[in-house]
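# Per-entry structural report
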Amino acid sequence: MKIVMLGAPGAGKGTQAKRIAEKYHLPHISTGDIFRANLREGTELGLKAKEYMDAGALVPDSLTVELLLDRVAKDDCRDGYVLDGFPRTIAQADVLTDALAKSGDKVDLAINIDVPDEHIQRRMSGRRSCPQCGQGYHTEFNPPKEEGVCDKCGAALIQRDDDKPETVAKRLQVYHEQTQPLIEYYEKAGVLKTIDGTKPMDEVFADITALF
Ligand code: ADP
Ligand code: ADP
Ligand code: ZN
């Protein structure tokens, strides 16, 4: 099963992608996570990507597309994967479609998590994550047991640099201009399912698993 997650920044793609990946034993592939891991390791790619991420812009395709194609060519992707944050443009979607078509394959399901803009700033301002194990939290909607501390591994939680309000506004604009057209793209491909992402996370997940 090859799954693509669609939705605005903060819609809950990562939250749901992790749960889907766990339940169906598929790798969770987040291009944002890959860039952030590169940055932590101080690679050239990480440093380059950071400039764009901090500005709320998309990282250029020249840095993104090969990376993703190499990742999905790995052995653990043979039975499928959950893509979170890729594709983000029609050009990226075309690259993926063409790469899959070479082996007579295609994206099986595009899950659009629908959350209106007015919810997004609140989602983003409360987002926290664990730098050690990757677990996500929200100060209001999914708080850790002890403030600022990961339930799973005890590490201090962090807030992303690009989750400040000015950057979120820019990311939302980029989403509408460049990523939202993918909803129609996958609708035309006959694989789109739209889910109400304003419900609590467990309900969103139940709605997603009902698609399988
Ligand atoms: P969110 O989960 O809030 O949607 P991500 O972690 O997916 O954010 O992405 C963070 C940033 O990484 C994006 O704002 C963008 O700068 C960059 N990025 C991630 N994936 C892509 C992609 N497929 N193409 C271009 N830029 C990307
Ligand atoms: P995305 O990957 O689309 O940017 P995330 O999965 O990181 O979004 O979610 C953004 C923030 O909103 C996180 O802090 C997460 O805990 C929280 N969140 C995710 N889904 C929901 C939901 N259904 N209701 C309330 N908060 C949510
Ligand atoms: Zn942790």
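Quick note: structure is the one above.
Residues numbered from 1 in each chain as written. Chains lettered and ligands numbered in written order. Predicted model: local features only at pLDDT ≥ 70, side-chain atom pairs only at ≥ 80, totals over all residues. Heavy atoms only, no water.

### Focus: the site of ligand 1
- Close to ligand 1 lie 21 residues; Thr31, Arg36, Ala57, Gly85 and Arg171 are nearest.
- Take threonine 31: an N or O atom from its side chain is 2.7 Å from a nitrogen atom of ligand 1.
- In the environment of ligand 1, a nitrogen atom lies 3.0 Å from a nitrogen or oxygen atom belonging to the backbone of valine 59.
- For ligand 1, whose free accessible area comes to 560 Å², the fraction covered by protein is 97%.
- If you tally residues by element for the shell around ligand 1, the top one is helix H2 (residues 31-41), at 4 residues.
- Of the residues belonging to the shell around ligand 1, the class tally is 8 nonpolar, 6 polar and 7 charged. (Near = heavy atom within 4 Å. Polar contact = N/O pair within 3.5 Å; in protein donor to acceptor, adjacent residues only side chain to side chain. Areas by Shrake-Rupley, 256 points an atom, 1.4 Å probe, with all protein chains shown as cover. Helix = DSSP H or I, 4+ residues; strand = E, 2+ residues; numbered from the N terminus. Nonpolar A, V, L, I, M, F, W, Y, C, P; charged D, E, K, R; others polar.)

### Here we look at the pattern of salt bridges
- Summed over all chains, the structure comprises 14 salt bridges.
- In this structure, the salt-bridge partner of aspartate 105 is lysine 2, at a minimum N-O distance of 2.8 Å. Linking aspartate 105 in the loop between helix H5 (90-101) and strand S4 (109-114) with lysine 2 in strand S1 (residues 2-6), this pair joins segments that are 103 residues apart in sequence.
- Using a relative accessible area of 28% as the deciding quantity, one classes aspartate 105 as partly exposed.
- For lysine 2, a relative accessible area of 10% gives the class buried.
- The salt bridge involving aspartate 163 is made with arginine 171; its shortest N-O contact spans 2.9 Å. (Salt bridge = Lys/Arg side-chain N within 4 Å of Asp/Glu carboxyl O. Buried < 20%, exposed > 50% of the residue type's maximum accessible area, 1.4 Å probe, protein only.)

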